[in-house]
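Examination of the molecular architecture
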Protein chains: 2
Amino acid sequence: MSLIVQKFGGTSVGTVERIQSVAEKVGKFRAEGHDIVVVVSAMSGETNRLIDLAKQISNKPNPREMDVLVSTGEQVTIALLSMALEERGLEARSYTGAQVKILTDNAYTKARIREIDNDNIRADLAAGRVVVVAGFQGVDEQGNITTLGRGGSDTTAVAIAAALKADECQIYTDVDGVYTTDPRVVEKARRLDRITFEEMLEMASLGSKVLQIRAVEFAGKFNVPLRVLHSFQEGPGTLISLEEQTEMETPSIAGIAFNRDEAKLTVVGVPDSPGVASQILAPIGDSNIEVDVIVQNVGEDGKTDLTFTVNRNDLAKAEAVLQGIAKNIGAEQVKTDAKIVKVSLVGVGMRSHAGIASKMFKILAAEGINIQMITTSEIKISVVVDEKYLELAVRALHDGFELDKEPA
Amino acid sequence: MSLIVQKFGGTSVGTVERIQSVAEKVGKFRAEGHDIVVVVSAMSGETNRLIDLAKQISNKPNPREMDVLVSTGEQVTIALLSMALEERGLEARSYTGAQVKILTDNAYTKARIREIDNDNIRADLAAGRVVVVAGFQGVDEQGNITTLGRGGSDTTAVAIAAALKADECQIYTDVDGVYTTDPRVVEKARRLDRITFEEMLEMASLGSKVLQIRAVEFAGKFNVPLRVLHSFQEGPGTLISLEEQTEMETPSIAGIAFNRDEAKLTVVGVPDSPGVASQILAPIGDSNIEVDVIVQNVGEDGKTDLTFTVNRNDLAKAEAVLQGIAKNIGAEQVKTDAKIVKVSLVGVGMRSHAGIASKMFKILAAEGINIQMITTSEIKISVVVDEKYLELAVRALHDGFELDKEPA
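Nothing here was measured: the structure is a model prediction, and the numbers come from that model. Residue numbering note: each chain is counted from 1, following its sequence as written. Each chain is given a letter, starting from A, and each ligand a number, starting from 1, according to the order in which they appear as written. Whole-chain, interface and lining totals are the exception, using all residues; otherwise, since this is a predicted model, local features are given only for residues with pLDDT of at least 70 and side-chain atom pairs are given and counted only at 80 or more. Only hydrogens and water are set aside when side-chain values are computed; all heavy atoms of the structure are taken into account.

1. Quick word on the overall build of chain A
Put simply, the test is: Helix and strand labels come from DSSP, where a helix needs a run of H or I of at least four residues and a strand needs a run of E of at least two; each type is numbered from the N terminus. It is over C-alpha atoms that the radius of gyration is taken, and the globule rule equals 2.2 Å times the number of residues to the power 0.38. When a residue's accessible area, from a 1.4 Å probe over protein chains only, is under 20% of the maximum for its type it is buried; when over 50% it is exposed; and in between it is partly exposed. In this description, contact between two residues means that some pair of their heavy atoms is separated by no more than 4.5 Å. Exposure was quantified through the Shrake-Rupley algorithm and a 1.4 Å probe, taking into account, for residues, occlusion by the shown protein chains and nothing else. Charge counting follows a simple rule: Lys and Arg are positive, Asp and Glu are negative, and His as well as the terminal groups are ignored. Taken as the charge location is NZ of Lys, CZ of Arg, CG of Asp or CD of Glu.
A count of helical and extended segments in chain A gives 13 helices and 20 strands. In terms of overall size, chain A behaves like a compact globule, its C-alpha atoms giving a radius of gyration of 24 Å where 408 residues would be expected to give roughly 22 Å. Principal axes of the C-alpha set define a box for chain A whose edges measure 80 × 55 × 35 Å. With 408 residues in all, chain A has 55% of them scored as buried. Contacts spanning at least 24 positions in sequence make up 74% of the contacts within chain A whose residues lie at least 6 apart. Counting only carbon and sulfur atoms, one obtains 46% of the accessible surface of chain A, whose full area is about 17,800 Å². Positive and negative charge centroids in chain A, built from 44 and 58 side chains respectively, lie 2 Å apart.

Written as structure tokens, this is what we have:
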């Protein structure tokens, strides 16, 4: 008998029938004797409908009122799911963020959770009730309604699981787990039984959009075991947890992530003097452009090249900024390339396994793929390559590292 | 400079455009220097949409969750109206029932207001803000969301006006005031400038559905001047207030109400013994049937007839109850008639003006209208007549009492 927090997103509660399916699933867990807290999002489409109403009234709606408006979406779902649970003979009780209460700061539309009062929830669980909580929303010190920003329901679920010291936080999605890579690219991609928080963060931030990064960080920080499961299919899903020190051998590689949304800028022939990187990157940061990979080549003749990647949507803006400062910093030229992708090997096993990088480069070379940039961290190696090689590179690496096979 | 509470119903806020019109109207009052609290209902159709979702899940949805569900309707409106006010440069702040807080008992779906905390509202008004409050909803001692039942937004407005000791509570509707009778029946029906709470209660309960009875009762109890106005047309509307003792002469009759929804039952030839009325009416009450007019004729030969009216929808049920007990109480026969209507003259002036009843009967007799039942109170005289005479009776009385003319 465990205490489980289950989170169902907008698609999982998108119709009355789906809400009834969720109630049935919750009922099965209750029948096994588990205590259940369910966190739900707004029915799919509802949040957009509400935002659209606001946009008809104002181009820049008051953020406090925006949160009052969109928070009704989850409130509808908690009521309907509680009714569906009661209809199946389960005692249930719904809570808005304010009722829980989920105390946040007052940064409307992107609030952060400060504290969760779990007295009411504990009392309900003790009384045998299923507790249904509105995701994505909270309340500030003054009682104003706040929201956590898009995808905040995952964060609500993890925060409640942390506050209750739940045994597991289950995130129900439209996939049956986390894969070694995107199955649309590699047919033999394999569902992982387990992955560590760190690996999941790299996989998620690199483009495998299963979970909100913020929720994974939160779960890692409070060591809440997270499980990704399919809403409407049976299966064990993928457990995301701390690295278990007891396992003698960790698989070298968890998976391969990739990102098609990047573009590359190179400032060619800058005088190689201290502070040149900051001279180039500070104006980029000041323009609210996020930089991902940065590589600086040691130059000849006192000159150096600095290359970095940004989101493709920011390329034109970044180029304009660089053209504006190129002369001042004595650069010869600014070059851009929108047709690149980033491919990353992710795995905590890299820490203890040497030779992974060289094996990676060898596999890519064997396919004739030219590597434009390389960047590494403790648990990942990323390369930037021409976008036309994306599928080839991912498949070759998946095969080369035998990711389709269960680790021994 | 006054403090005004303004209530806009579902039709008045039924679309984004209408919400913008309401914002414009509120803006005009602000420009005149008034402090404004606006109470709004859900956008028309929204409450029914939500109820329909619940009905798809359960025939008998959990009442607590029903209130969580439907209270989102007004929450959407307060946010949108506040945005529309801010868009026009007015500072505004929305409040749900819980945020105000409007403390109620815990009778879900039909809660009654216990107390209103007006500290936040007063602070906002002092800061120059328009306060926008969700009608129809409150919160119980434990923080559970409650609703006041259909039409509860009028009650919310009056209760807030009472708590704030507002100068006036304006109820915006789809009519431009209270009329001497239904203008669809009598073309010359005249809008009343004023009417007393008592008269309005009789007019409303007798079928002129402009205001919720409960709100009028509440306003009368706390002496909150109520004004009925048209949402989208200019005009003074009708002021509902206490009878002013300073006026030397009160017009005899305020108006004529009528009710097409009644049906008549007669228990014929019951032994005229003490307790016979209760023997007949107690089983009716036990069956949750509301009785309106009751008349008992003094009988001959120790026999009496008892006649009463019920809502037409309850006629079959009431007849079944009476047939079941007819033998026990020694009745000769039970007769029913669904084709009747009740027509009522209403006016506080009746108290001091003799001869109104006889004038009424004379007018009806002159038109050949047979009176089936008569019942009177301090401020009204009601007659039950064949339904085919309804329009004729109302027009004849309207003419006979010269209700189309302004009182001197």
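Let's pick the thread back up.
2. Quick look at the pattern of salt bridges
Rules: Each reported salt bridge corresponds to a side-chain nitrogen of Lys or Arg within 4 Å of a carboxyl oxygen of Asp or Glu.
As enumerated under the stated definition, the model contains 42 salt bridges over all chains in all. With a closest N to O distance of 2.7 Å, A:R227 and A:E168 form a salt bridge. A residue pair is termed long-range when its members are at least 10 positions apart, and A:R227 in strand β11 (residues 226–230) and A:E168 in strand β9 (residues 168–173) qualify at 59 residues. For the residue pair A:R227 and A:E168, the accessibility class agrees, reading buried in each case. A:R184 is paired through a salt bridge with A:D182; the nearest N and O atoms lie 2.9 Å apart. Residues joined by salt bridges that share partners form a network here, namely A:E46, A:R49, B:E46 and B:R49.

3. Points about the interface of chain A and chain B
How we decide: Here the quantity called buried area is the total loss of accessible area, with a 1.4 Å probe, experienced by two parts when brought into contact, counted for both. Any pair of nitrogen or oxygen atoms within 3.5 Å is treated as a polar contact; in protein, a donor-acceptor pairing is required on top of that, and neighbouring residues in sequence qualify only through side-chain atoms on both sides. Residue polarity is assigned by list, with Asp, Glu, Lys and Arg as charged and Ala, Val, Leu, Ile, Met, Phe, Trp, Tyr, Cys and Pro as nonpolar; anything else, Gly included, falls into the polar class.
Contacts between chain A and chain B engage 38 residues on the former and 38 residues on the latter. For the pair chain A and chain B, the two sides together bury roughly 3,200 Å², of which 60% comes from carbon and sulfur. Taken together, the connections running from chain A to chain B amount to two salt bridges. Residues B:R49 and A:E46 are paired through a salt bridge, measuring 3.8 Å at the closest nitrogen-oxygen approach. Between the two partners, chain A and chain B, sit 14 residue pairs in polar contact (both at pLDDT 80 or more). Among the elements of the structure, α1 (16–31), α2 (46–57), α3 (63–70), α4 (72–87) and β3 (92–95) of chain A are those that each provide at least two residues to the side of chain A that touches chain B. Ranked by residue count, the leading element in the side of chain A that touches chain B is α4(A), at 11 residues. Here the side of chain A that touches chain B is composed, by residue class, of 18 nonpolar, 13 polar and seven charged.

4. Digging into the relation of the copies chain A and chain B
Cut-off, in case you're wondering: Residues reaching a pLDDT of at least 70 in both copies supply the C-alpha atoms on which the copies are superposed by least squares.
Of the transformation superimposing chain A on chain B, the axial component is 0.0 Å and the angular component is 179°, with the fit at an RMSD of 0.1 Å. Viewed as a symmetry operation, the transformation between the two copies matches a two-fold axis. Considering only C-alpha atoms, the part of chain A nearest the rotation axis is A:T72, at 2.6 Å. In this assembly the copies share their binding face: 100% of the residues contributing to the interface of chain A also contribute to that of chain B.

5. Let's talk about the sheet that holds strand β19 (residues 371–377) of chain A
All names here are of chain A. Rules: Whether two strands pair depends on DSSP finding at least two bridges between them. Between the N-to-C directions of two axes lies an angle of 0 to 180 degrees, each axis being a line fitted to C-alpha atoms and, for a helix, fitted only over the stretch in contact.
Pairing is antiparallel in the open sheet, where four strands are placed in the order β13-β18-β20-β19. Of all the strands in the sheet, the pair left with one neighbour each is β13 (255–259) and β19. Strand-to-strand twist across the sheet, computed as the mean angle between neighbouring axes with direction ignored, equals 20°. Note that strand β18 (residues 340–346) and strand β20 (residues 380–386) share seven bridges and pair antiparallel. Its bridge partner lying in β20, L345 is registered against I381. Docked against the sheet, helix α12 (residues 356–366) engages β18, β19 and β20, running at close to 20° with respect to β20. Along the sheet, helix α13 (residues 390–400) contacts β13, β18 and β20; its crossing angle with β13, the most-contacted strand, is approximately 170°.

6. Comments concerning the UniProt feature "binding site: ATP" (unreviewed entry) in chain A
Residues and elements named next belong to chain A. For clarity, the cut-off: UniProt positions are given in the numbering used here, feature names are shortened, and annotations may be inferred rather than shown by experiment.
What UniProt calls "binding site: ATP" (unreviewed entry) maps, in this numbering, to K7, F8, G9, G10, T173, D174, Y179, R184, K209 and V210. Looking at the secondary structure, you find K7 in strand β1 (residues 3–8). For K7, the contacting residues outside a window of four places in its chain are V39, S41, S153, D154, A157, Q170, I171 and Y172. Take D174: it is sitting in the loop between β9 and β10 (194–196). Note on D174: relative accessible area 61%, which makes it exposed.

7. Structural notes on the pairing of strand β11 (residues 226–230) of chain B
Residue and element names in this part refer to chain B. Of all the five residues making up β11, five are buried; the element is thus mostly covered by neighbouring parts of the structure. Note that strand β9 (residues 168–173) and β11 share five bridges and pair parallel. When the sheet's bridge partners are listed, C169 is paired in β11 with L226. In the sheet, β11 pairs with strand β12 (residues 238–241) via three bridges, with the strands oriented antiparallel.

8. Here's the deal with the domain arrangement of chain A
All names here are of chain A. Put simply, the rule is: All domain edges in this entry derive from an automatic or database-based domain assignment.
Assigned domains within chain A: domain 1 (3–241) and domain 2 (244–402). Computed over C-alpha atoms only, the centres of domain 1 and domain 2 are separated by 34 Å. Counting from both sides, the interface comprises 20 residues of domain 1 and, opposite them, 24 residues of domain 2. With both chains or domains summed, domain 1 and domain 2 bury close to 1,700 Å², and 57% of this area falls on carbon and sulfur atoms. The tally of links from domain 1 across to domain 2 stands at two salt bridges.

9. A look at the sheet that holds strand β14 (residues 262–271) of chain A
All names here are of chain A. Taking strand neighbours across the sheet as the criterion, the four strands line up as β15-β16-β14-β17 in an open arrangement whose pairing is antiparallel. Each of the sheet's edge strands pairs with one partner strand only, and the pair in question is β15 (291–297) and β17 (333–337). Within this sheet the neighbouring strands show an average axis-to-axis angle of 15°, counted without direction. Inspection of the sheet shows β14 paired to β17 by five bridges, in the antiparallel sense. From the neighbouring strand, V268 faces β17, where its bridge partner is Q333. Strand contacts of helix α10 (residues 276–286): β14, β15 and β16 (303–311), with the helix running at about 25° to β16, the strand carrying the most contacts. Across the sheet, helix α11 (residues 315–326) touches β14, β16 and β17, and the angle it forms with β14 is around 10°.

10. Looking at the packing of aromatic side chains
In this description, an aromatic ring pair is defined by two values, namely the gap between the centres and the angle between the planes. All names here are of chain A. To keep things clear, this is the line we draw: Each pair of aromatic rings taken from Phe, Tyr and Trp, with Trp reduced to its six-membered ring, is defined by centres within 6.5 Å and is described as stacked if the planes are under 30 degrees apart, edge-to-face if over 60, and tilted in the remaining cases.
Scanning the model with the defined rule gives four aromatic pairs over all chains in all. Each ring, one from F8 and one from Y172, has its centre 4.5 Å from the other, and the planes form 10°; the classification is stacked. Taken together, the positions of F8 in strand β1 and Y172 in strand β9 put the pair 164 residues apart, joining distant regions of the chain. Summarising the burial analysis for this pair, F8 and Y172 share the class buried.

11. A closer look at the environment of B:S273
All names here are of chain B. When you line up the elements, S273 lands in the loop between β14 (262–271) and α9 (276–286). A relative accessible area of 34% means that S273 is categorised as partly exposed. Between the C-alpha atom of S273 and that of I121, which follows or precedes it by 152 residues, the distance is 60 Å.

12. Some points on the packing of α12(A) against α13(A)
Residues and elements named next belong to chain A. Counted only if it meets this: Just so you know how the angles are binned, under 35 degrees is roughly parallel, over 145 roughly antiparallel, 65 to 115 roughly perpendicular, and the rest oblique. Rotating anticlockwise by less than a right angle from the far helix to the near helix defines a left-handed crossing, while the corresponding clockwise rotation defines a right-handed one.
For the pair α12 and α13, interaxial distance at closest approach is 9 Å and the crossing angle is 125°. It follows from the interaxial angle that α12 and α13 lie oblique. α13 is crossed by α12, and the crossing has right-handed handedness. Contact residues: K359, M360, I363 and L364 in α12; A393, A396, L397 and G400 in α13. A per-class count over the contact of α12 with α13 returns six nonpolar, one polar and one charged.

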